[in-house]
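Take a look at the letters that make up each chain.
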Amino acid sequence: MDKAKPTGTPDGTVPDATGDSHGTAAEPGGSATAPDASTSPGTDTTTPSRPVGLTKADPAEPVEVAAPTVPGQAEEAAVPPATEPPATVPAPRAGGAPDAVVPAQQQAPAERPRPLHAPDPYSTPPYGEPGPWAPAPPVQRPVPTPAHGTYLPPGTPAHGTRVPPVPEAGPAQGGEWGRYDPWAAPGALVAESGGGPGERRRERRAGRGRLVGAALVLALVAGAVGGYVGMRLERHGGLGTVELEQTSGHAGERAPDSVAGIAARTLPGVVTLHVSGGDGGALGTGFVLDGRGHILTNQHVVESASDGGSIRVTFNGGETARARLVGGDPGYDLAVVKVSGVSGLTPLPLGDSDDVRVGDPVVAIGAPFDLANTVTSGIISAKERPITAGGEKGDGTDISYVDALQTDAPINPGNSGGPLVDERARVIGINSAIHAAGGPARQDDSAGSVGLGFAIPVNQAKRVAEELINHGRATHPVIGVTLDMGYEGEGAKVGGEAAGGGPAVTPGGPADRTDIAAGDVITEVDGVPVASGEELIIKIRSHRPGDRLALTVERDGESRRVTLELGSSDPS
């Protein structure tokens, strides 16, 4: 077989840049194709032959190249990379077999199709890539196939067969328009992107739905956890075990003049009395007068025991004992009982009620409503408050007349007979009555305290208690007159006659010796006005027999001042 000379070159071979003398040449007038991968460079594919000399192609004589077999290969065949050495392709003969080789440089490069429109001044890529305002629609072109008679390497699809798109080696850049190849077969964009625009929108909506659902579930879980934590914090103050701080248990001593200090010194000498008798039962309080077992209380507390009833005494420590009635006086509402066989008694010290001032702090101790050892505190609200209590019998023999100490320390039924003590824990009064709707009344006749309590001054109680202990009865100071209790004017009016028809002024008595006669009106005692007969009795009984009083007396519109010495009378 004849060998063709390369056009425009002498016979022989021209070494390439590496000094080797190998290569392939194309026959003039033939079309060059890439050699098969199994064929050695420079070897005839039809007839074995010795190596053929190579020469560099003259760029002035281009060689036409047939259309590429696979889309996208035309550009690679037309414009070889600058870094690759020049290559030659076998040129087939008219019968389809290559006969000679032509240098690749002598082949005419295939021209890239030019766009049908002028260059975009905004540098918008052609064929539908995104522009500054809106993307152009993609261009779909016919599927290219090799020309008839073109040599195809083994494995190339036959003429008319649809060529599938060639996947890219790496991930596409620039979004869906960046992956668009204008020369690719139709459907390549869909194949690369995994679906059309509608499918991608549905996938995005599904993804957003899943994200919203996950967010809702997370919000519900977080709300439940937050609610549980909030509940624990509200109910228990935290999530762990609650341990509260506490100071040391050393109580320490209280100040002697504090309520606690006063109560600590007074309570051991206070007792609770439970009385039963023919007229029913009674509840009250008392306090120890001496170590021999004498206890002072109110007459109305132990009154039912005078008819053969019993008295039970309960001490502060809970010990109980039986007591007997020593004596009592309804006019003063005071009585003394005595316990026997009891040791370790704590007598309470007695103070001076004349030294008490309004506003002085006081403490009341008793058993209101049978609540033993109850302590209340207050102040002295008033002094020399004339009150009367009792009168249930109707004959006046049970009426008590008291020039009382008024206090706001709460006292209630059951406090009767209990001590009213000052800041030094000294007894200054005996709690006896409270204010009721109809006026002052004994504590067992009312519902409860309204802040108006009354106590018998201890100076008066001391004298009466001594007489009851020593003589079994108490004396009353008198002026020797009978008063008109129905008089409605100011002052106390001497009556016309005594009970039983006798004279109103006792002959030879204190009033008779100072020329006081029936019909006179006594308006003052020691310079203090009196408004009624009850007040005159109260003022007189606040003194001892033998005390001297200054009285202001009116007769026929004229006033005069007289002084008299109080007499004594035993209670009937």
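Throughout this description, residue numbers start from 1 for each chain and increase along the sequence as written. Only residues with pLDDT of 70 or above have their local features reported here, since the model is predicted, and side-chain atom pairs are shown and tallied only from 80 upward, although totals for entire chains, interfaces and linings are computed over all residues. Values shown for side chains rest on all heavy atoms present in the structure; no hydrogens or waters enter the calculation.

1. Quick look at the environment of Phe315
Then, number 1: Numbered from the N terminus, helices here are DSSP runs of H or I no shorter than four residues, and strands are runs of E no shorter than two. Tracing the backbone through its elements, the reader meets Phe315 in the loop between strand 6 (310-314) and strand 7 (320-329).
Then, number 2: Residue classification places Phe315 among the buried positions, given a relative accessible area of 11%.
Then, number 3: Separated by 44 residues in the primary sequence, Phe315 and Val271 have C-alpha atoms spaced 4.7 Å apart.
Then, number 4: Here a residue-residue contact requires only that any non-hydrogen atoms of the pair lie within 4.5 Å. For Phe315, the contacting residues outside a window of four places in its chain are Val270, Val271, Ala321, Val339, Val342 and Leu345. To sort residues, take the accessible area from a 1.4 Å probe on protein chains only and compare it with the maximum for the residue type: under 20% means buried, over 50% means exposed, and anything in between is partly exposed.

2. Some points on the pattern of salt bridges
Then, number 1: What makes a salt bridge here is a side-chain nitrogen of Lys or Arg within 4 Å of a carboxyl oxygen of Asp or Glu, nothing more. For the structure on display, the rule yields seven salt bridges.
Then, number 2: Note that Asp520 is salt-bridged to Arg555, the shortest N-O span being 2.7 Å. With Asp520 in the loop between helix 8 (510-513) and strand 18 (521-525) and Arg555 in strand 20 (residues 548-555), this residue pair connects regions lying 35 residues apart in the sequence.
Then, number 3: Here Arg555 falls in the partly exposed class, since its relative accessible area comes to 30%.
Then, number 4: Salt bridges sharing partners connect three or more residues here, namely Glu384, Asp403 and Lys539.

3. Let's talk about the layout of surface pockets
Then, number 1: Taken as a whole, the second largest pocket spans an internal volume of roughly 970 Å³.
Then, number 2: Around the second largest pocket, the lining is made up of 32 residues, and of these His476, Val478, Ile537, Arg541 and Ser569 lie nearest the centre.
Then, number 3: Where the lining of the second largest pocket is concerned, the elements lending two or more residues are strand 7, strand 16 (476-478) and helix 9 (533-541).
Then, number 4: Sort the elements by how many residues they give to the lining of the second largest pocket and helix 9 lands first, with four residues.
Then, number 5: Considering only residue class, the lining of the second largest pocket consists of 17 nonpolar, ten polar and five charged. Throughout, the protein atoms alone are placed on a 1 Å grid, and a set of points is a cavity if a 1.4 Å probe fits but cannot get out or a pocket if it is open with protein on both sides within 12 Å along at least five of seven lines; lining residues have an atom within 4 Å of a point. Grid points are joined across faces, edges and corners, and a volume is the space filled by probe spheres set on the points. Three classes are used: nonpolar for Ala, Val, Leu, Ile, Met, Phe, Trp, Tyr, Cys and Pro, charged for Asp, Glu, Lys and Arg, and polar for all others, with Gly counted as polar.

4. Considering the confidence of the model for the protein chain
Then, number 1: Looking at the protein chain, the pLDDT average stands at 76 and 62% of residues meet or exceed 70.
Then, number 2: Residue-level confidence of the predictor is summarised by pLDDT, bounded by 0 at the bottom and 100 at the top. Counted against residues more than four places away or in other chains, residues 1-102, with its pLDDT under 50, gives 151 contacts.

5. What about the pairing of strand 20?
Side-chain direction in a regular strand flips from residue to residue, so the side chains alternate between the two faces of the sheet.
Then, number 1: Two strands make a pair as long as DSSP finds a minimum of two bridges between them. Summarising the sheet, strand 18 and strand 20 pair through four bridges and their orientation is antiparallel. Paired with Val525 across the bridge in strand 20 is Leu551.
Then, number 2: Across eight bridges, the pairing between strand 20 and strand 21 (residues 558-565) is antiparallel. Looking at the pairing, Leu551 lines up with Val562 of strand 21.
Then, number 3: The antiparallel hairpin formed by strand 20 and strand 21 contains two residues in its connecting segment, where Asp556 sits at a positive phi of about 55°.

6. Concerning the pairing of strand 13 (residues 427-436)
Then, number 1: The buried fraction of strand 13 is high, at nine of ten residues.
Then, number 2: When strand 12 (residues 419-421) meets strand 13, the two strands line up antiparallel, connected through three bridges. Note that in strand 13 the partner of Val421 across the bridge is Val427.
Then, number 3: Between the end of strand 12 and the start of strand 13, which pair antiparallel, lie five residues, with Ala425 showing a positive phi angle near 65°.
Then, number 4: Summarising the sheet, strand 13 and strand 15 (residues 453-457) pair through five bridges and their orientation is antiparallel. Opposite Gly429, over in strand 15, you have Pro457 as the bridge partner.

7. Side note on the sheet that holds strand 8 (residues 334-339)
Then, number 1: With respect to topology, six strands assemble into a closed barrel ordered 3-4-5-8-7-6, the strand pairing being antiparallel. With strand direction ignored, the average angle separating the axes of adjacent strands in the sheet is 40°.
Then, number 2: Relative to strand 5 (residues 294-297), strand 4 (residues 280-288) runs antiparallel, the two sharing two bridges. Within strand 5, the position partnered with Val288 by the bridge is Ile295.
Then, number 3: Contacts from helix 7 (residues 458-471) reach strand 5, strand 7 and strand 8, with the element oriented near 50° to strand 8. Lines are fitted to the C-alpha atoms to define the axes, a helix being fitted only along its stretch in contact, and any angle between axes, read from their N-to-C directions, falls within 0 to 180 degrees.

8. Comments concerning the side chain of His294
Then, number 1: Inspection of the secondary structure puts His294 in strand 5.
Then, number 2: Looking at His294, the relative accessible area reads 6%, which means it is buried.
Then, number 3: In protein, a polar contact requires one atom able to donate a hydrogen and another able to accept it; more generally it is a pair of N or O atoms within 3.5 Å, and residues adjacent in sequence count only if both atoms are side-chain atoms. Looking at His294, its side chain comes within polar contact range of the side chain of Asp290, at 3.0 Å.
Then, number 4: Not counting residues up to four positions away in its chain, the partners in contact with His294 are Phe287, Val288, Leu289, Val326, Val336, Val337, Lys338 and Ile469.

9. Here we look at the nonpolar core
The nonpolar side chains of a soluble globular protein tend to be buried, and buried together.
Then, number 1: Counting 30 residues, the largest nonpolar core has Phe287 and Leu296 as its most contacted members.
Then, number 2: Secondary structure elements with two or more residues in this core: helix 5 (259-266), strand 8, strand 9 (361-366), strand 11 (400-407), strand 13, strand 15 and helix 7.
Then, number 3: Ranked by residues supplied to this core, first place goes to helix 7 with five residues.
Then, number 4: Each residue touching Phe287, except ones within four places of it in the same chain, is listed here: Gly269, Val270, Val271, His294, Ile295, Leu296, Leu348, Leu350, Gly417, Pro419, Val427 and Ile430.
Then, number 5: Of all hydrophobic cores here, the second largest spans 23 residues; its members include Ala492, Val505, Leu549 and Val553. Buried Ala, Val, Leu, Ile, Met, Phe, Trp, Tyr and Cys residues form a nonpolar core when they are joined through side-chain atoms within 4.5 Å.

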